[in-house]
Amino acid sequence: MKDKVIDVLTSYSTPHELSALGNEAVARGALEAGVCGVFSYPGTPSTEISEVFNMVCNFQNNDENAKNYPELVKNKVYFEYSINEKVALEKAIAYSIGNKSALCVMKNVGMNVASDALMSVTYQTIIAPLVIVVCDDPGCHSSSNEQDSRYWGNMASVPVFNPATPEDAYRMTKEAFRLSETLRLPVLVRTTTRVSHSRGMLAYNEIKPADRVPFFDRLPEMINIPARTAAAHKKLLDKLSGDSLTPFFHEFNRRYFPGNKEYGIISSGAASSYLLEIIHRNDLSEKVEILSLGLIYPLPEKDILSFLQQGFKKILLLEELDPILENATRKIAQVHQLEIEILGKNFGGLSSTGEFSLEIMDQAISAFLGLETVKNDRVEGLGSFAQELPPRPPTLCSGCPHRASYYALKLLVPRENGEVVLCGDIGCSGLGALPPLNMIDTINHMGMSISMAQGLAEAMKGKGGKVVAMLGDGTFFHSGITSLLNAVYTKSNILVIIFDNRTIGMTGHQDHPGATHLSKYNQIEILPLLKGMGIAFAEELQPFDTRDAYHQIERALAAEGVSVLVSKAPCVFLPEYKAFVGHEDSVIAVDPSRCNTCHNHLDHAIQCSRRSSAQSSMSRAVAKIKADKPMDATELSCPANICNHGFFHSIVEKDYKTALDMVRDKLLFARTCGDICHRPCELFSGHESESIVPIRQLKKYVSGIESNFSNFSAAQAQVRNAAPKNKSVAIVGAGPAGLSAAYDLVREGYQVEVFEKEAKAGGLIRFAIPDFRMDKKGFDFEIAQLGQLGVRFHYQKALGKEIQLAQLGEDFDSVILSVGMGKINRLPVVADHLPANKWFSSLEFLKKYNDKSLPVTPGSRIFVIGGGNSAIDVARSAKRLHASNEAMISCIESMENMPAFGEEVTHAREEGVLIMPSTYVHHCESGDHVKIVLNGYISKSLLETLEVDYVVVAIDQQGQTEDYSELGAENLTEKGRIRVDKHSGASNLENVFVAGDICADNHMSLIGAIASGKRAAVGVRQKLEGYQFEYEGLQALLGLERKAEKRQASMQYDTGDNLTEALGVFDLFQSCEKCNHCIDNLGCPALIKVAGKMVIDLAKCTKCGLCIDVCPNNAISWVKKESLEIVAHERNA
Amino acid sequence: MKETLKTMVVGVGGQGVVLLTDLLVEAALLAGIPVASSEIYGLSQRGGSVTAGITFGENTNGFIEQAGVDILIGLEPLEAQRCAAYLHRGSTVVIDNNRILPYVVNAGNAAYPDIEKFVGFLTAHIHKVIYITDDLGSIKPAVRNLYVLGKLSKEKVFPIPYECLIKAIHNIVTPDFVTASLRTFELGRNN
């Protein structure tokens, strides 16, 4: 930088051909004119001018440079980036009044901010020269509008120079100082992007340092009061019409190719450059004469008039944007009654909008002169390659704190219903409007965010939530403070978020009053300023702490009145950023196994939560930030493979229909499971009892919504849309296992027939589960749906009697045996000693209980042998039968090891059932009552003698093996259960599969039965259609044997209005196949998709770590550098 | 060199389009060739497109036009293809296959164009195409544009002598990067 500054200050002290950027040329021109002070505000395309003086100022104020380069430091130029353009111009005016020449630099809209100063000072006087450089932006390359700043000449009555090239810019700026001094008026130099950002050849001259002694002259003009203004106005206009301007007109309004021409062209600014190039390359200098105007206000009437009077046939006016010179020319022609055709805007494609180009100029000239111009040799078909290409708009940089702030806000503020309006502002923060963030509803001009918010809040009072204003720290100081004060003053109800990234980012990271890296300035802290304004709710937040930021924003939105959050983290480009993010020895990496794929099933045709998942991803993303209890949903695996996290999040989103459909996608018995499933998904999770996700309760809840419950349209659609397999399957036994297999197979296009020995379907669920434990009507309805879906039922067809296995094997393509264990083995210690009316098997007892035909009188004592679920069911039924009944259970297991489900044991004890673990019946005796001699199981000695009325045997369930003897005794267990292949439920007989309790490895529970039925269905599909995947819930099914670690009673959550609130503490995360959350909501340039998985581009990653908080599947994390194979990203050139 | 030679440099913000432009201007000056340039880079630092025109010869201002670009330096393929209409039959094109996906492509909402098809068309229809597919993995991203310049510098149509380019690199490039820049330039030139 030192060399560059030395260059600017010295090395061209003698004329030297060089190439300079238009803006650099402006700066040089001012230096050569002896400028003393430069005041500006950053703004493309003007910023380079200010940066030259910024560098010069820093150079000159450095002590070492003072020693080494005394000549260069001698005439110090003052420079400041003022808080905004208004103060910049005011200060420049003041500087000039103190007799120091001043330069003020700004972009086009900056002049709007400064205009009050400009409009007033012209009625007074300045002392030293004051030049204002305004940079327009035709085509809006980086501006909100393409206003034509030449109008300021007319508006304020100040001279305006309009350079066409960098050389023009240099000379005009220099001469502008001379003109300003002559007229005692500010002079405008108005460039455009094309001039400011072009490099051209020019020669510099000597820098003559100004010889100015500061003083303040007490002139009457210094005081602006109405009494003086009328006269001042006249004085002003006289200044501009005087002779002092003539030499300037002469120098800067130039004629090209004078002679007797038919055609005349008047042009100005960049238009002149385009024009001359076209004229030269087509050799048209013989045809036209050109008047190129450089000093355009005051209007060079004499120059234009004398040009017009040369007798041209036609005149063409060429200027970008508004027809200012064109209209003036037309007026001159009219006033002087000149008969001449004047052409301008709307001729030959010339427009008032956008930039000119060589093509536009070419078209206009050939139309004007009526001739063909030299055309370039186009290639046919080449242009089509440039069409419909993906656009590349600007984005927030990787690691930008604005992205983090917007993301936290996005999790809180739903964008669909539009209730919370987001008012954005100018600068890098404005890029939050672009996809995928889409977090801005309005952007206007600098500082409008806060005014828009308070105005809208007032207009929409009473309707909708708080209005939010968002702006950067630079913008806040520029024009946000005044608006914010008004909001406080008028008691507005708004939230203001100030993105404090410690710099003015977009224009090249300049300092501002709130963030200064130079010790020569005072830094103004924002928070005390806010407190001083009387804002009660003013807090700093750290945007990369997503969780805290979320909660802070939430509080701020809820607070009444004006609340302000200062989101403070440095811009990526600042030197302090690297230390801020830290993690020197780590990089961020994506675990591909967790990104974008669901582990659960490999068959991607399986439907689960594969609906459009943008909303579900969002609710998972919010849960991740809000919730206290994160839980990997794969720990909650359901043997039927219900997607628990999809189910859970649908409920959080209050989409109960989808939640129920997700359950029904996998199993038929949603309500029944909601009633009596033993919840392995909850119990096996290993979490503390307060931290269990209440899946079963939620299942019951969603299947309790009648309108959804009775709507089976999704399953019906599946049946309709299934490709018919033209294969038939016989299912023997209409218990939950068999019916679940039927449900799956009919939805895959199979013909299914169910054979059941009883008169009704339902198996143990219907007959053995006591009615008080579940909704049997709902169960009936669920079963009836199978008929609706096309399953055929044959009742009172028992295996081994009305139907034979071998015959079924011939009549059907596959058979599934799900006959259950139909008998209780005879227990001699009871059966041999008691009359038949004094004892029951558990199956018999429960069937009769459900039929209401149980011959047990009130006041009876019922003694149950067995420690399993049916024993519990018997005991509880006994107590419910008559309130005066007593029930007691004896089992050989200890309390902890009772095979019954923990919560069933708990229910029994709560209901007064006496449980006697580690006991067995030594013998029974009949009499008036039944006498039971009970021994301790460990001690094998007498415990006590009991008198009871009935005994129920609830142990030793067995299969009725004679019914399926074809399988061969060697393939059965001693209880008659059938051994199967654990992957498919296949038996040793071809095309015979087994499901349910009769299956040797079956877990004796409802979900165990359902899952084994589903497994058998997959087995059938593997055999009959070559289905190549294994049963999706296999691992969970095989894991059912794990006992619960604790015996937890059922968790109950209040399913009222606060349900989703209560569920909010949980975050169930699991990779979901269609997750696109980071792409859809974050848009960090360092996150790229390669072959369907997200990858971190380490060359772009700035280690801000935001993505780690964002991924709802916890697929992104810090990885130590050594452990990662870093290949292409460590470069050594 | 024909009377006017128009060059265009295109790429994504951060690839060094402006640096390359400044280099070419400086080198042309050293060679005594009249030169001008015009750059468009407003929001480019935020990952947007950057284009610059450099014109050699009298009476030019750095302006470029459709079918009027003699040499196109494409530091990024999509941006190069975006300028297809600026080429004519006599053009020379250098494209560095250094793809930077815009957001819409990354998000799966639009497809990155078939660059090979574009290059194939150019090869059949214009004067010369240099499609850089060398493995440049070892080159620092910051100086990759010098490799491209090196490759181009050998072409007959390129108007600036070697010595002037070397001197320009010394004059323009930040001191810390001069060595790497020179090495990378030579690599491109000799590869």
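Higher on the page you've got the structure.
Here the structure is a predicted model, which is why all the values come from computation and not from measurement.

1. Some thoughts on the overall build of chain A
Then comes step 1: For chain A, the count of helices and strands is 43 helices and 40 strands.
Then comes step 2: Here chain A has a C-alpha radius of gyration of 44 Å; the compact-globule value for 1133 residues is 32 Å, and the former is much larger.
Then comes step 3: Oriented by its inertia axes, the alpha-carbon framework of chain A measures out at about 140 × 65 × 60 Å.
Then comes step 4: Out of the 1133 residues in chain A, the part that is buried amounts to 57%.
Then comes step 5: Counting only contacts in chain A whose residues sit at least 6 apart along the sequence, the fraction spanning at least 24 positions is 77%.
Then comes step 6: In the form shown here, chain A has an accessible surface area of approximately 45400 Å², with 51% of it arising from carbon and sulfur atoms.
Then comes step 7: Between the averaged position of the 115 positive side-chain charges in chain A and that of its 136 negative side-chain charges there is a distance of 2 Å.

2. A few points about the interface of chain A and chain B
Then comes step 1: At the junction of the two partners, chain A supplies 59 residues and chain B supplies 61 residues.
Then comes step 2: Summed over both sides, the interface of chain A with chain B buries roughly 5300 Å², with 57% coming from carbon and sulfur.
Then comes step 3: The interface formed by chain A and chain B contains seven salt bridges.
Then comes step 4: Notably, a salt bridge pairs A:R392 with B:E76, separated by 3.1 Å at the nearest N-O pair.
Then comes step 5: Seen at the junction of chain A and chain B, the total is 21 residue pairs in polar contact (both at pLDDT 80 or more).
Then comes step 6: Of all elements in the fold, only strand 1 (17–21), helix 10 (193–196), strand 8 (198–203), helix 13 (270–281), helix 16 (358–369), helix 42 (1077–1081) and strand 38 (1087–1090) of chain A reach the threshold of two or more residues within the side of chain A that touches chain B.
Then comes step 7: For the side of chain A that touches chain B, the element with the highest residue contribution is helix 13 of chain A, accounting for five residues.
Then comes step 8: In terms of residue class, the side of chain A that touches chain B is made up of 26 nonpolar, 19 polar and 14 charged.
Then comes step 9: Taken together, the two bridges between strand 8 of chain A and strand 2 (residues 35–40) of chain B define a ladder with antiparallel strand orientation.

3. Digging into the nonpolar core
Residue and element names in this part refer to chain A.
Then comes step 1: Counting 86 residues, the largest nonpolar core has F53, L89, L103, I132 and F161 as the members making the most contacts within it.
Then comes step 2: Of all the elements, helix 3 (residues 47–60) adds the most residues to this core, at seven residues.
Then comes step 3: When near neighbours in sequence (up to four residues on either side) are disregarded, I132 contacts L89, C104, M106, M111, L118, P186, V187, L188 and V189.
Then comes step 4: V702, A761, I769 and L1040 belong to the second largest nonpolar core, which has 74 residues in total.

4. Here's the deal with the packing of helix 21 (residues 546–558) of chain A against helix 23 (residues 614–626) of chain A
Residues and elements named next belong to chain A.
Then comes step 1: Orientation of helix 21 relative to helix 23, taken along the N-to-C sense of each, is 95 degrees, at an axis distance of 8 Å. One finds that helix 21 runs roughly perpendicular with respect to helix 23. For the pair helix 21 and helix 23, contact is made by T546, R547, Y550 and H551 and by V622, K624, I625 and K626, respectively.
Then comes step 2: Of the residues in the contact of helix 21 with helix 23, the class split is three nonpolar, two polar and three charged.

5. Side note on the sheet that holds strand 18 (residues 537–541) of chain A
Residues and elements named next belong to chain A.
Then comes step 1: Pairing is parallel across the open sheet formed by five strands, whose spatial order is 15-16-17-19-18. Looking at the sheet topology across the chains shown, the edges are occupied by strand 15 (422–423) and strand 18.
Then comes step 2: Where strand 15 lies against strand 16 (residues 467–472), two bridges are found, and the strand directions are parallel. Note that in strand 16 the partner of L422 across the bridge is V468.
Then comes step 3: Helix-sheet contacts for helix 18 (residues 448–459) involve strand 15, strand 16 and strand 17 (494–500), and the interaxial angle to strand 16 is about 175 degrees.
Then comes step 4: Contacts from helix 19 (residues 473–489) reach strand 16, strand 17 and strand 19 (563–568), with the element oriented near 145 degrees to strand 16.

6. A word on unusual backbone geometry
Residues and elements named next belong to chain A.
Then comes step 1: Each neighbour pair has its own omega, and for T44 with P45 the value is 10 degrees, a cis peptide bond.
Then comes step 2: The residue P45 is located in the loop between strand 2 (37–40) and helix 3 in this model.
Then comes step 3: Put simply, Y297 and P298 share a cis peptide bond, and its omega is -5 degrees.
Then comes step 4: With respect to the element layout, P298 can be found in the loop between strand 12 (295–297) and helix 14 (301–308).
Then comes step 5: One non-glycine residue with positive phi stands out, namely C140, at about 50 degrees.
Then comes step 6: The residue C140 is located in the loop between strand 5 (130–136) and helix 8 (151–156) in this model.
Then comes step 7: We note that E388 has phi near 55 degrees; this positive angle belongs to a residue other than glycine.
Then comes step 8: In this fold, E388 is placed in the loop between helix 16 and helix 17 (401–412).

7. Side note on the sheet that holds strand 11 (residues 288–293) of chain A
All names here are of chain A.
Then comes step 1: Taken in spatial order, the five strands of this open sheet run 9-11-10-13-14, and their pairing is mixed. Each edge of the open sheet is held by one strand with a lone partner, namely strand 9 (254–256) and strand 14 (341–343). When the angles between neighbouring strand axes are averaged without regard to direction, this sheet yields 20 degrees.
Then comes step 2: Where strand 10 (residues 263–268) lies against strand 11, six bridges are found, and the strand directions are parallel. Each bridged residue has a counterpart across the sheet, and for S268 the counterpart in strand 11 is L293.
Then comes step 3: Sitting on the sheet, helix 13 is in contact with strand 9, strand 10, strand 11 and strand 13 (314–318), with an inclination near 140 degrees to strand 10.

8. Let's talk about helix 1 (residues 17–30) of chain B
Residue and element names in this part refer to chain B.
Then comes step 1: When the terminal C-alpha atoms of helix 1 are compared, their 20 Å separation across 14 residues agrees well with the 20 Å that a helix rising 1.5 Å per residue should span.
Then comes step 2: By the criterion of burial, helix 1 is predominantly enclosed, with 10 of the 14 residues buried.
Then comes step 3: Among the residues of helix 1, V17, L20, T21, D22, L23, L24, V25, E26, A27 and A28 are the ones counted as buried.
Then comes step 4: Positive backbone phi, approximately 75 degrees, marks G32, located one or two places after helix 1.

9. Some thoughts on a nonpolar patch on the surface
Then comes step 1: Among the surface-exposed residues, A:I892, A:Y937 and A:I938 lie close enough to one another that they form a single nonpolar patch of about 310 Å² accessible area.
Then comes step 2: In this fold, A:Y937 is placed in the loop between strand 32 (930–936) and strand 33 (942–948).

10. Looking at the environment of A:V819
Residues and elements named next belong to chain A.
Then comes step 1: Relative to the helices and strands, V819 is located in the loop between strand 25 (814–817) and strand 26 (823–824).
Then comes step 2: Accessibility expressed as a relative area gives 26% for V819, which makes it partly exposed.
Then comes step 3: Sequence separation between V819 and G738 is 81 residues; the distance between their C-alpha atoms is 8.1 Å.
Then comes step 4: Those residues within four positions of V819 in sequence are excluded, and the remaining contacts are V732, G733, L799, Y964 and I998.

11. Describing the packing of helix 1 of chain B against helix 5 (residues 144–153) of chain B
Residues and elements named next belong to chain B.
Then comes step 1: As a packed pair, helix 1 and helix 5 sit with axes 10 Å apart at the nearest point and diverge in direction by 40 degrees. It follows that helix 1 is oblique to helix 5 by the angle criterion. Considering the relative orientation of helix 1 and helix 5, their crossing is right-handed. Seen from helix 1, the contacting residues are L19, L20, L23 and L24; seen from helix 5, they are N145, L146 and L149.

12. Some thoughts on the packing of aromatic side chains
What describes a pair of aromatic rings is the distance from one ring centre to the other and the angle between the planes of the rings.
Residue and element names in this part refer to chain A.
Then comes step 1: The full count for this structure, using the stated rule, is 30 aromatic pairs over all chains.
Then comes step 2: When the centroid spacing of 5.6 Å and the interplanar angle of 45 degrees are considered together, the rings of F59 and Y69 count as tilted. Here Y69 lies in the loop between helix 4 (63–68) and helix 5 (70–74) and F59 lies in helix 3, a separation of 10 residues in the sequence.
Then comes step 3: The class of F59 is buried, set by a relative accessible area of 2%.
Then comes step 4: Its relative accessible area of 27% is what places Y69 among the partly exposed residues.
Then comes step 5: Relative to Y937, the ring of Y920 has its centre 6.3 Å away and its plane inclined at 85 degrees; by these criteria the two rings are edge-to-face.

13. Some words on the pattern of salt bridges
Residues and elements named next belong to chain A.
Then comes step 1: This structure, assessed with the given rule, holds 73 salt bridges over all chains.
Then comes step 2: R171 is the salt-bridge partner of D168, the closest N and O atoms lying 3.8 Å from each other. Taken as a pair, D168 and R171 lie in helix 9 (residues 166–183) at a separation of three residues, close to a single helical turn.
Then comes step 3: The class of D168 is buried, set by a relative accessible area of 11%.
Then comes step 4: Between E925 and K931 there is a salt bridge whose closest N-O contact spans 3.8 Å.
Then comes step 5: The exposure class of K931 is partly exposed, given its relative accessible area of 34%.

14. Re the environment of A:L967
Residue and element names in this part refer to chain A.
Then comes step 1: Tracing the backbone shows L967 in the loop between strand 35 (957–958) and strand 36 (992–994).
Then comes step 2: A sequence separation of 162 residues divides L967 from L805, and the C-alpha atoms of the two residues are 9.4 Å apart.
Then comes step 3: Excluding residues within four positions of it along the chain, L967 makes contact with L817, I978, S987, N988 and L989.

15. Describing the side chain of B:K151
Then comes step 1: Looking at where B:K151 falls in the secondary structure, it is placed in helix 5.
Then comes step 2: For B:K151, the residues in contact, after removing those within four places along its chain, are B:I130, B:I132, B:D134, B:G188, B:R189 and B:N191.

Rules and cut-offs
- Throughout, a residue's number is its position along its own chain's written sequence, starting from 1.
- Both sets of labels track the order of writing: A upward for chains, 1 upward for ligands.
- Local features in this predicted model are restricted to residues of pLDDT 70 or higher, and side-chain atom pairs are both shown and tallied only at a pLDDT of 80 or more, whereas totals for entire chains, interfaces and linings draw on every residue.
- By convention in this description, side-chain values take in all heavy atoms of the structure and omit both hydrogens and water.
- Secondary structure elements are taken from DSSP: a helix is a run of H or I of four residues or more, a strand is a run of E of two residues or more, and numbering for both begins at the N terminus.
- Throughout, the radius of gyration refers to the C-alpha atoms, and the reference size of a globule is 2.2 Å times the residue count to the power 0.38.
- Burial status follows relative accessibility: with a 1.4 Å probe on protein chains alone, a residue under 20% of its type maximum counts as buried, one over 50% as exposed, and anything between as partly exposed.
- Two residues form a contact once any of their heavy atoms are found within 4.5 Å.
- Under the convention used here, a 1.4 Å probe and the Shrake-Rupley method define accessible areas, while residue burial counts only the protein chains that appear.
- When charges are counted, neither His nor the chain ends are considered; positive counts come from Lys and Arg and negative counts from Asp and Glu.
- Where a charge sits is defined by one atom per residue type, namely NZ (Lys), CZ (Arg), CG (Asp) or CD (Glu).
- Summed over both partners, the accessible area lost on bringing two parts together, with a 1.4 Å probe, is the buried area.
- Salt bridges are defined by distance alone: a side-chain nitrogen of Lys or Arg within 4 Å of a carboxyl oxygen of Asp or Glu.
- Under the rule applied, a polar contact is a pair of N or O atoms within 3.5 Å (in protein, one hydrogen donor and one hydrogen acceptor; residues adjacent in sequence only if both atoms are side-chain atoms).
- Residue type decides the class: Asp, Glu, Lys and Arg count as charged, Ala, Val, Leu, Ile, Met, Phe, Trp, Tyr, Cys and Pro as nonpolar, and the leftover types, Gly among them, as polar.
- In this description, strands pair whenever DSSP reports at least two bridges between them.
- Residues belong to a common nonpolar core when they are buried Ala, Val, Leu, Ile, Met, Phe, Trp, Tyr or Cys residues joined through side-chain atoms within 4.5 Å.
- Only C-alpha atoms enter the line fits that serve as axes; for helices the fit covers just the stretch in contact. Angles between N-to-C directions range over 0 to 180 degrees.
- An angle below 35 degrees is read as roughly parallel, one above 145 as roughly antiparallel, one from 65 to 115 as roughly perpendicular, and any other as oblique.
- Take the number of residues in a helix, subtract one, and multiply by 1.5 Å to get its expected span.
- Excluding any residue in a salt bridge, patches collect residues exceeding 30% relative accessible area, merging like charges within 9 Å and nonpolar Val, Leu, Ile, Met, Phe, Trp and Tyr side chains within 5 Å.
- Handedness of a helix crossing follows the sense of rotation of the near helix relative to the far helix, less than a right angle counterclockwise being left-handed and clockwise being right-handed.
- Each Phe, Tyr or Trp ring, with Trp reduced to its six-membered ring, pairs with another whose centre is within 6.5 Å; inter-plane angles below 30 degrees give stacked pairs, above 60 give edge-to-face pairs, and intermediate values give tilted ones.

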